[in-house]
Amino acid sequence: MTSTAPTKPAAPAASGERRGARRKQGIAGNTRWFWIFVGPFVIGLLVFSYLPIVWSLVLSFFEAYNTVTPSKFVGLQNYVDMLTDQAFLSSLGTFTIFAVFIVPLTFALSLALALLVNQVKIARAFFRSVFFLPTACSYVVASLIWRLSIFNGVRFGLANTVLGWFGIENIAWLSTIDPPWYWLPIITVRLWLQLGFYMILFIAGLQRISPTLYEAAYVDGAKPGWQVFRYITLPQLRATSVAVLILNLIAAYQAFDEFYNLIGNASFARPPLVYLYGISLGSIQDLGHGSAGALILAVIIMIVTLLQSRIFGFGKAGD
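Residues numbered from 1 in each chain as written. Predicted model: local features only at pLDDT ≥ 70, side-chain atom pairs only at ≥ 80, totals over all residues. Heavy atoms only, no water.

Caption draft 1: Quick look at the nonpolar core. The biggest cluster of nonpolar side chains holds 63 residues, and the ones touching the most others in it are M82, F98, I186, F259 and I263. Leaving out residues up to four positions away in the same chain, F98 has contacts with W183, I186, I187, R190, A252, A255, E258 and F259. (Core = buried A, V, L, I, M, F, W, Y, C linked by side-chain atoms within 4.5 Å. Buried < 20%, exposed > 50% of the residue type's maximum accessible area, 1.4 Å probe, protein only. Contact = heavy atoms within 4.5 Å.)

Structural data, given as structure tokens:
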């Protein structure tokens, strides 16, 4: 009787194990490098963003004068005080006026700029850069230029110089309450600073529209201009338009630099952040009421954003 030596299928199994081990080592290495690069940003986000938010929530239930350490528990009293504080409610009214002007103007002008720049055939990148460049400027620097050079209220200021050409007397732009001329420098500096950013968003949306839609519209007899814009361009920009409106409204709620550097802590035009800054870091340093007001403002922003998203259907599968 002859006996045959058994086959040894161990080699393929061993090579498979080696491949699995190398794959695990590769995954472990990628995970390690991921946390090496991302870890510092996560730590910074936790330390400088989420931890202050949590501590602000804690302080809003306590008395905290001249210190970030809570001293006496007062429950919801800080929230009641802020919701019945006429100065705080007036600051919300100031924001409402600011939003009524800045949101529609920013939307319309940034969309118009995007349409114009997108139609340019020569030096398109140059025009994009020119209009986008102001977004890199500091809000503080731009506000000081507006205050000291353009709307400084004397005859050597740019705005009053132009008015002088037409025989109009000088206007104290930043201190005249009736009529409220101070809104002009506040609105124009914000427009100059942010139009380029929203223009880029609209340009990105315009470039996603298929040219075949316009070709089909022309074949069906649509006239270039308003008809094409109304029935083709604007509906296709729906998701971008809603995103611009939401981002613009949130940015309006967070207005601080232009108000504070143009007119300071004046009560006639004081948005919520300027008022809360005066409470928390002013002479009183009432961090309990300041924290409560900041959280009320955050809740208002969240509610308005969710309502906007709900009304316009932002985030649905069709977008």
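Caption draft 2: Region of interest: the packing of aromatic side chains. The tally for this structure, following the rule as stated, stands at 21 aromatic pairs. Their ring planes at 50 degrees and their centres at 5.6 Å tell us that F61 and Y79 sit as a pair that is tilted. Here the residue F61 occupies a position in the loop between α1 (10-59) and β1 (62-63), and Y79 occupies one in helix α2 (residues 77-83), the gap between them amounting to 18 residues. For F61, a relative accessible area of 24% translates into the label partly exposed. Grouping aromatic residues by their ring pairs yields a cluster made of F98, Y182, W183, F259 and F268. (Phe/Tyr/Trp six-rings, centres within 6.5 Å; stacked < 30°, edge-to-face > 60°. Helix = DSSP H or I, 4+ residues; strand = E, 2+ residues; numbered from the N terminus.)

Caption draft 3: Up close: the pattern of salt bridges. Taken as a whole and assessed by the stated rule, the structure comprises one salt bridge. Among the salt bridges present, the one from R190 reaches E258, with a minimum N-O distance of 2.7 Å. Note that R190 is positioned in helix α7 (residues 183-207) and E258 in helix α11 (residues 257-263), a separation of 68 residues in sequence. A relative accessible area of 3% places R190 in the buried class. (Salt bridge = Lys/Arg side-chain N within 4 Å of Asp/Glu carboxyl O.)

Caption draft 4: Region of interest: a nonpolar patch on the surface. A grouping of F34, W35, V42, I43, L45, L46, V47, F48, Y50 and I53 is seen on the molecular surface, where their side chains present a nonpolar patch of about 1,000 Å² in accessible area. Summarising the element assignment, W35 is placed in helix α1. (Patch = residues over 30% accessible without salt bridge, like charges linked within 9 Å, V, L, I, M, F, W, Y side chains within 5 Å. Areas by Shrake-Rupley, 256 points an atom, 1.4 Å probe, with all protein chains shown as cover.)

Caption draft 5: Expanded view of the packing of α7 against helix α10 (residues 238-253). Between α7 and α10, the least distance of the axes is 10 Å, while the angle of their chain directions is 160 degrees. Taken together, the axes of α7 and α10 are roughly antiparallel relative to one another. Crossing handedness for the pair α7 and α10: right-handed. Of the residues in α10, those in contact with R190, Q194, F197, Y198, L201, F202 and G205 of α7 are T240, S241, V244, L247, N248, A251 and A252. (Axes fitted to C-alpha atoms, helices over the stretch in contact; angles between N-to-C directions. Parallel < 35°, antiparallel > 145°, perpendicular 65-115°, else oblique. Left-handed = near helix turned anticlockwise from the far one by under 90°.)

Caption draft 6: Structural view of unusual backbone geometry. Cis geometry marks the peptide bond from D178 to P179; its omega dihedral reads 0 degrees. With respect to the helices, strands and loops of the structure, P179 is situated in the loop between α6 (158-165) and α7.

Caption draft 7: Structural view of the layout of surface pockets. By volume, the largest pocket is sized at about 510 Å³. In this structure, the largest pocket is lined by 19 residues; those nearest its centre are S56, L273, G290, A294 and L295. The set of elements that each furnish at least two residues to the lining of the largest pocket consists of α1, α12 (272-281) and α13 (287-312). Taken together, the residues of the lining of the largest pocket sort by class into 14 nonpolar, five polar and no charged. Taken as a whole, the second largest pocket spans an internal volume of roughly 420 Å³. Lining the second largest pocket are 16 residues, with N118, Q119, L206, Y214 and T233 positioned closest to its centre. Looking at the lining of the second largest pocket, the elements with two or more residues in it are α3 (86-119), α7, α8 (211-219) and α9 (226-236). Tallied by class, the residues present in the lining of the second largest pocket amount to nine nonpolar, five polar and two charged. (1 Å grid on protein atoms, 1.4 Å probe; cavity = no way out; pocket = protein on both sides within 12 Å on 5 of 7 lines; lining within 4 Å. Points joined across faces, edges and corners; volume = space filled by probe spheres on them. Nonpolar A, V, L, I, M, F, W, Y, C, P; charged D, E, K, R; others polar.)

Caption draft 8: Up close: the packing of α3 against α10. Their axes nearest at 9 Å, the elements α3 and α10 cross at an angle of 145 degrees. When the axes of α3 and α10 are compared, the crossing they make is right-handed. Contacts between α3 and α10 involve F95, F98, A99, I102, V103, T106 and F107 from the first element and S241, V244, L245, N248, L249, A252 and Y253 from the second. Across the contact of α3 with α10, the residue classes tally to eleven nonpolar, three polar and no charged.

Don't take any of this as a statement about function, it's just geometry.
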